[in-house]
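Chain by chain, the residues:
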Amino acid sequence: MKVGNAVSQVIEICLRMFGIWPNTSCVLLRRVFWAVTVLIEQAFQYRYIVMHFNLIELSEMMDTLSTTMAYTILLCKLVIFWYKQRTFNKILTMMAIDWEKCSKTKFATTSNVKQSHRFANITVILYSTSIIFFSSNVFIQNADDGITFNDSTRLLILEMDLPFDANRRFVYESVIIIQFVYLLICANAMGLLNALLINLILHISGQIDILRKSVMGIFPKEGNHSPSRFMIKEIIQKHQKIITFSEHMEDLYSYIAIVLFVTNTLIICCLGFTIVASIGRPNALQSILKTLSFYFVTNMEAFIYCFAGEYLSAKSKSIGDAAYDSLWYESNSKDSRIILFLIMRSQNQLTITIGKIMNLSLEQFSSIQKASASYMSVLFAMY
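Reading the values: rules and limits
- Residues numbered from 1 in each chain as written.
- Predicted model: local features only at pLDDT ≥ 70, side-chain atom pairs only at ≥ 80, totals over all residues.
- Heavy atoms only, no water.
- Helix = DSSP H or I, 4+ residues; strand = E, 2+ residues; numbered from the N terminus.
- Buried < 20%, exposed > 50% of the residue type's maximum accessible area, 1.4 Å probe, protein only.
- Contact = heavy atoms within 4.5 Å.
- Areas by Shrake-Rupley, 256 points an atom, 1.4 Å probe, with all protein chains shown as cover.
- Salt bridge = Lys/Arg side-chain N within 4 Å of Asp/Glu carboxyl O.
- 1 Å grid on protein atoms, 1.4 Å probe; cavity = no way out; pocket = protein on both sides within 12 Å on 5 of 7 lines; lining within 4 Å.
- Points joined across faces, edges and corners; volume = space filled by probe spheres on them.
- Nonpolar A, V, L, I, M, F, W, Y, C, P; charged D, E, K, R; others polar.
- Axes fitted to C-alpha atoms, helices over the stretch in contact; angles between N-to-C directions.
- Left-handed = near helix turned anticlockwise from the far one by under 90°.
- UniProt positions renumbered as here; feature names shortened; annotations may be inferred.
- Disulfide = S-S within 2.5 Å.
- Phe/Tyr/Trp six-rings, centres within 6.5 Å; stacked < 30°, edge-to-face > 60°.
- Expected span 1.5 Å × (residues − 1).
- Patch = residues over 30% accessible without salt bridge, like charges linked within 9 Å, V, L, I, M, F, W, Y side chains within 5 Å.
- Polar contact = N/O pair within 3.5 Å; in protein donor to acceptor, adjacent residues only side chain to side chain.

## Some words on the overall build of the chain
Across its full length, the chain holds ten helices and two strands. Counting helices and strands in the order they occur from the N terminus, the chain gives α-α-α-α-α-α-α-α-α-β-β-α. Counting all 383 residues of the chain, 51% fall into the buried class. Taking the contacts inside the chain whose residues are at least 6 apart along the sequence as the reference set, 79% of them involve residues at least 24 apart. Only carbon and sulfur atoms are counted for the fraction: they give 63% of the accessible area of the chain, which is about 19000 Å².

This is the structure we're talking about:
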């Protein structure tokens, strides 16, 4: 199965690292390693939240809680991808077949592939920059004040309640390095799993464009207006493959969407509260820069999913529009009935749902923003 042209190499490397890409060596070992690693990290973070719940300010608690929930989302994504491995393999197989058959319409598919590759590269840059800003607070403090190893000044990139003494110089530096590398890998993994969704959306968009061109040409402008039976069969099969691909994509991302819909609302609320609460405080600029990049990528993640659902629905509707715009009215009634079934089927729009409950759309993104603002106002009333 060759899908190197259809899926960005950066995404493939990420999926291989986490044991998601098919035919990867030591898949079970990779999955166990990352599952155990993330669970241990989550245990230390949630332990810190419980142990320091009444000892730190509300803004600091919200900052720590938002970071912890972000990596809970990553764990949920990985578990869902591992559980839906067969569905993901089917998606890649269909992409490989579509790419092999696109020689006549290569421009439409190549353009979308280039866009998806650019988006994956931009995602890596954006998330890496976010981690650098997020870690800058620790690095700046250590550079300005020097590292003194006692409980009052020790500062970690990720606040954790570790089961050992991290005040010793070598241990502290090792923990900081491990946390930074861990954050860099996990943050890029979260971003590239989102970039994979855009990759799939752009692929199905290219296939819909190919189908629309075929539908528009089913009734020629000149000469005989009776469509070829072979062409009709090919169009029907192509439409069914697009529907199947969309169903597989919906099966893969539906439950990820419901996790994001709930947690991203809370994370955006916590980060927004932290940013506003930092204004007017000492080191406000450092705190805001640390949180602002995280706030931006969290909003971008929510927007990507909502935009993907909206775009897929609008694109699927264009199939029926293309069928209606064809010269079906100049053909005989027997042949024009064929196009009627295509129009009727395309009225059931393709979409990605939030846990089979509601469709992902830009309206849902606005709902996330409104809910986050409402929860933020409650936090300020408690502050």
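## Details of the pattern of salt bridges
Summed over the entire model, instances satisfying the criterion amount to seven salt bridges. Across the salt bridge formed by D161 and R47, the nearest N and O atoms sit 3.5 Å from each other. Taken together, the residues span a long stretch of sequence, with D161 in the loop between α5 (106–145) and α6 (169–216) and R47 in helix α2 (residues 27–51) at a distance of 114 residues. Between K84 and D251 there is a salt bridge; the shortest N-O distance is 3.0 Å. Of this pair, K84 sits in the loop between α3 (58–83) and α4 (85–100) while D251 sits in helix α7 (residues 229–278); the two residues are 167 residues apart in sequence, bridging distant segments of the chain. Here the salt bridges do not stand alone but share partners, grouping D209, R212 and K315 into one network.

## Here we look at empty space enclosed by the protein
Applying the stated criterion to the full structure yields five cavities of 30 Å³ or more. Reported here for the largest cavity is a volume of approximately 190 Å³. A70, M190, F294, V297 and T298 are, among the 17 residues lining the largest cavity, the residues nearest its centre. Residues that form the lining of the largest cavity fall into these classes: twelve nonpolar, four polar and one charged.

## Regarding the packing of α2 against α6
Packing of α2 against α6 leaves a shortest axis separation of 13 Å and a crossing angle of 115 degrees. Crossing of α2 against α6: the hand is left-handed. Note on element contacts: α6 touches α2 through Y182, I185 and C186, opposite W34, T37, V38 and E41. Taken together, the residues that form the contact of α2 with α6 break down as five nonpolar, one polar and one charged.

## As for the UniProt feature "transmembrane region" (unreviewed entry) in the chain
UniProt's entry tags residues 64–83, 119–140, 176–202, 252–280 and 292–312 with the feature "transmembrane region" (unreviewed entry), counted in the numbering of this structure. For residues 176–202, helix accounts for 100% and strand for 0%, while the C-alpha atoms at its two ends are 39 Å apart.

## Some details on unusual backbone geometry
Positive phi is not limited to glycine here, since N23 has a value of about 65 degrees. Its place among the elements puts N23 in the loop between α1 (9–17) and α2. A positive phi angle, close to 65 degrees, is found at K356, a residue other than glycine. Counting through the fold element by element, K356 comes out in the loop between β1 (353–354) and β2 (358–359). Owing to a relative accessible area of 47%, K356 belongs among the partly exposed residues under this scheme.

## Things to note about the state of the cysteines
As enumerated under the stated definition, the model contains zero disulfides in all. Looking at C270, it has no disulfide partner, and the nearest cysteine sulfur is the one in C269, 5.2 Å off.

## Here's the deal with the packing of aromatic side chains
Between two aromatic rings, the relevant description is the distance of the centres plus the angle of the planes. In this structure the tally under the stated criterion is eleven aromatic pairs. Taking the centre distance of 4.7 Å and the plane angle of 55 degrees together, the rings of F273 and F380 count as tilted. Here F273, found in helix α7, pairs with F380, found in helix α10 (residues 362–382); they are 107 residues apart in sequence, far enough to count as distant. Overall, the relative accessible area of 0% leaves F273 in the buried class. Residue classification places F380 among the partly exposed positions, given a relative accessible area of 32%. Cluster of aromatic residues (ring-pair linked, three or more members): F81, F88, Y253 and Y305.

## Comments concerning α6
Spanning 48 residues, α6 covers 70 Å between terminal C-alpha atoms, matching the ideal 70 Å at 1.5 Å per step. Most of α6 is tucked away, with 34 of its 48 residues classed as buried.

## Side note on a nonpolar patch on the surface
Taken together, the side chains of L28, V32, V36 and I40 make up a nonpolar region of the molecular surface, amounting to roughly 360 Å² of accessible area. Locating V36 in the fold gives a position in helix α2.

## Digging into the side chain of T351
Among the structural elements, T351 can be located in the loop between α9 (333–346) and β1. Polar contacts involving the side chain of T351 include one to the side chain of S313, which spans 3.5 Å. Discounting chain neighbours no more than four positions away, the residues touching T351 are S246, E250, G309, L312, S313, N359 and L360.

## Section: the packing of α3 against helix α8 (residues 284–325)
Following both chains from N to C, one finds α3 and α8 inclined at 35 degrees, their axes separated by 12 Å at the closest point. Our pair here, α3 against α8, has a crossing hand that is left-handed. From α3, D63, S66, T67, A70 and K77 reach across to α8, where they touch K290, T291, F294, E301 and Y305. In terms of residue class, the contact of α3 with α8 is built from three nonpolar, three polar and four charged.

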